[in-house]
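Summary of the model geometry
Single-letter residue listing:
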Amino acid sequence: GENVEQHPSTLSVQEGDSAVIKCTYSDSASNYFPWYKQELGKRPQLIIDIRSNVGEKKDQRIAVTLNKTAKHFSLHITETQPEDSAVYFCAASRGTYKYIFGTGTRLKVLA
Amino acid sequence: GAVVSQHPSWVICKSGTSVKIECRSLDFQATTMFWYRQFPKQSLMLMATSNEGSKATYEQGVEKDKFLINHASLTLSTLTVTSAHPEDSSFYICSANRELTDTQYFGPGTRLTVL
């Protein structure tokens, strides 16, 4: 069936360093890839997304890259700050359709 | 824009009772809403897709008679957990698609505790 693998499950970085989270999807019909940030007890918040017709997208310190051939997409956070500490989820979707979520990455930014 | 609310934010009930959770899109119309449950330190597990005016589509392994979903209007979907048991205790989150867009906007979640 459809699934999305996400690595690593936990990630600790020093403040100011970069963090990279990687996802691999199985459904070749997926064409929309959002990333969500979830703080403890809160709702997931969309931080960036990318569609299959684009290879890279950047928004300030956050970027996402997509390799359709390999079915990989990655989240890059530069100049990390303590407030970036949270759980990050990737997802893959066929547009206005259900999401398949990754298993999540717990990011801890050490001050 | 794209605000989704959920009510209640938390509920404690006795085993065997039913609990209704509401999900509302406040500033947009949502033809499709989704219901997830999330256990501590785990990912979001899709339970069902709720379509306005039609029956919900349940994911494999989710009991449709236990988790009743109603999507009576373009701004409201409800999830009723019937005959709740302690193993149903979880964080239930809804999301909604803005019309003709890909992005799901999430509600704040409802923490259900069944004693």
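To start, this report covers the structure provided alongside it. (Residues numbered from 1 in each chain as written. Chains lettered and ligands numbered in written order. Predicted model: local features only at pLDDT ≥ 70, side-chain atom pairs only at ≥ 80, totals over all residues. Heavy atoms only, no water.)

1. Some details on the state of the cysteines
If you walk through the whole model with that rule in mind, you get two disulfides over all chains. Bridging Cys23(A) to Cys90(A), the disulfide has an S-S length of 2.0 Å. One disulfide, between Cys23(A) and Cys90(A), carries an S-S torsion of -100° and so falls in the left-handed class. With a gap of 67 residues between them, Cys23(A) in strand β3 (residues 19–25) and Cys90(A) in strand β9 (residues 86–93) connect regions that are remote in the sequence. Since its relative accessible area comes to 1%, Cys23(A) is described here as buried. Between the sulfur of Cys23(B) and that of Cys94(B) lies a disulfide, 2.0 Å long from S to S. Torsion about the S-S bond of the Cys23(B) and Cys94(B) cystine: about 80°, corresponding to right-handed handedness. Of this pair, Cys23(B) sits in strand β3 (residues 19–25) while Cys94(B) is found in strand β9 (residues 90–97), placing the two residues 71 residues apart along the sequence. On the basis of relative accessible area, Cys94(B) is assigned to the buried category, the value being 0%. No disulfide involves Cys13(B); its sulfur sits 18 Å from that of Cys94(B), the nearest cysteine. (Disulfide = S-S within 2.5 Å. Helix = DSSP H or I, 4+ residues; strand = E, 2+ residues; numbered from the N terminus. Buried < 20%, exposed > 50% of the residue type's maximum accessible area, 1.4 Å probe, protein only.)

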